[in-house]
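# Geometric and topological summary
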Amino acid sequence: MTYTVTEREGCTLITGSVPASQLAALMGTGGKGAVLSTDLARLADVQFAWGQPEDVNALEDKLRAENLRGLMTGIPPGQSGLSEEARRWLAVGEQGLSSCSMFWRFAGIKPDYLNDETHFNHPHDPGDLRRCLLLLEQVPEFKGRMGEMRGCSPEWDALVDAWADLCATLEAEAPDWRNPDCKQAAPETYGKMALVLRSAREPVAEQMNVHRNGPSIDVGRLR
């Protein structure tokens, strides 16, 4: 395994494959309070990225601006059929496995974030739900299409049925959810999501005669 380590504006960027045994030691060089950011890694086109929260946020903002300028120079290969809003989200939107799975389902294009994923990931917590809602707001043509997630998995079927209630609960608990620095907790949203997902899995477990403990409900955070 080979990898390179570069420093940029207070953040550490890793390119290549890092053995798990070495990753923790490398992250230790970021100092107390350093955070691992998948968004920064994606924006910088590297495998791992971390730094102090203020440095990570500043570099993310800078890279988003750079990527947006890149969009103005032409349409990236394979994206000619996408709206400007969809291309903007691919370039600079906050992404996770579930929001990217929605984009893949709606647009037929798999975001790089999914890598080798072969199935449609579903949201597990308020942070995932938040990124899915951001996608729907930032790419208007996707609004009203949640029904298309049916058939992706039993979990998605259950989530689609409960979607309006989950969104309303998140809005009530964390009205500042659009803010990328939002730290408002959403325990009721987390609890409802856990129950919805458990209800989707229980029939499968019963068919397999598998007895599982229900997921513990913790105070979910948006980030």
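Everything here concerns the structure above.
All of the points below concern the structure found in this document. (Residues numbered from 1 in each chain as written. Predicted model: local features only at pLDDT ≥ 70, side-chain atom pairs only at ≥ 80, totals over all residues. Heavy atoms only, no water.)

This part covers the overall build of the protein. Across its full length, the protein carries eight helices and four strands. Across the protein, helices and strands are ordered from the amino to the carboxyl terminus as β-β-α-β-α-β-α-α-α-α-α-α. Put simply, the protein has 223 residues, and 42% of those count as buried. Across the protein, the fraction of contacts at a sequence separation of at least 24, relative to all contacts at a separation of at least 6, is 55%. (Helix = DSSP H or I, 4+ residues; strand = E, 2+ residues; numbered from the N terminus. Buried < 20%, exposed > 50% of the residue type's maximum accessible area, 1.4 Å probe, protein only. Contact = heavy atoms within 4.5 Å.)

Next up on the list: the packing of aromatic side chains. Counting across every chain of the model gives five aromatic pairs. On the numbers, 5.5 Å between centres and 80° between planes, the contact of Phe103 with Phe142 is edge-to-face. Here Phe142 lies in the loop between helix H6 (126-138) and helix H7 (154-173) and Phe103 lies in helix H5 (residues 97-107), a separation of 39 residues in the sequence. For the pair Phe103 and Phe142, one class covers both residues: buried. Here the aromatic cluster, defined as three or more aromatic residues joined through ring pairs, consists of Trp89, Phe103, Phe106 and Phe142. When the ring centre of Phe120 is taken as origin, the NZ or CZ atom of Arg105, which lies over that ring, is 5.3 Å away. Above the plane of the ring of Trp104 lies Lys110, whose end atom (NZ or CZ) is 4.4 Å from the centre. (Phe/Tyr/Trp six-rings, centres within 6.5 Å; stacked < 30°, edge-to-face > 60°. Lys NZ or Arg CZ within 6 Å of the ring centre and 35° of its normal.)

Moving on, we get to the side chain of Asn121. Within the secondary structure, Asn121 is located in the loop between H5 and H6. There is a polar contact of 3.4 Å between the side chain of Asn121 and the side chain of His119. (Polar contact = N/O pair within 3.5 Å; in protein donor to acceptor, adjacent residues only side chain to side chain.)

Here we come to the packing of H6 against H7. Two numbers describe how H6 lies on H7: the axes approach to 11 Å, and their chain directions differ by 105°. If you check the angle between H6 and H7, you find them roughly perpendicular. Counting all contacts with H6, which are made through Pro126, Leu129, Arg130, Cys132, Leu133 and Leu136, the residues of H7 involved are Trp163, Leu166, Cys167 and Leu170. The residue makeup of the contact of H6 with H7, split by class, is nine nonpolar, no polar and one charged. (Axes fitted to C-alpha atoms, helices over the stretch in contact; angles between N-to-C directions. Parallel < 35°, antiparallel > 145°, perpendicular 65-115°, else oblique. Nonpolar A, V, L, I, M, F, W, Y, C, P; charged D, E, K, R; others polar.)

Time to look at the nonpolar core. In this structure, Met102, Met146, Trp156 and Trp163 are the most contacted members of the largest nonpolar core, which totals 38 residues. Secondary-structure elements contributing two or more residues to this core are helix H4 (84-92), H5, H6, H7 and helix H8 (187-207). Ranked by residues supplied to this core, first place goes to H7 with nine residues. Setting aside residues up to four positions removed in sequence, Trp156 forms contacts with Ser98, Met102, Phe120, Asn121, His122, Pro123, Met146, Met149 and Trp163. (Core = buried A, V, L, I, M, F, W, Y, C linked by side-chain atoms within 4.5 Å.)

With that settled, consider the pairing of strand E2 (residues 11-16). Bridging between strand E1 (residues 3-8) and E2 involves six bridges; their strand directions are antiparallel. The partner of Arg8 across the bridge, within E2, is Cys11. With three bridges connecting them, E2 and strand E4 (residues 48-51) associate as antiparallel partners. Following the sheet pairing, Thr12 is matched in E4 by Trp50. (Pairing = 2+ DSSP bridges.)

As a further point, take H5. For H5, a buried count of eight out of eleven residues is recorded, marking the element as mostly surrounded by other parts of the structure. Taken together, the buried positions of H5 are Ser98, Ser99, Cys100, Ser101, Met102, Phe103, Trp104 and Phe106. Close packing links the buried residues of H5 with H4, H6 and H7. Of the residues flanking the end of H5, it is Gly108, one or two places downstream, whose phi is positive at about 75°.

Our next topic: the sheet that holds E4. Taking strand neighbours across the sheet as the criterion, the four strands line up as E1-E2-E4-E3 in an open arrangement whose pairing is antiparallel. Unpaired on one side and paired on the other, E1 and strand E3 (35-36) mark the two borders of the sheet. Bridging between E3 and E4 involves two bridges; their strand directions are antiparallel. Within E4, the residue paired with Val35 across the bridge is Gly51. On top of the sheet, helix H1 (residues 20-27) reaches E1, E2, E3 and E4; it is set at about 25° to E4, its chief contact.

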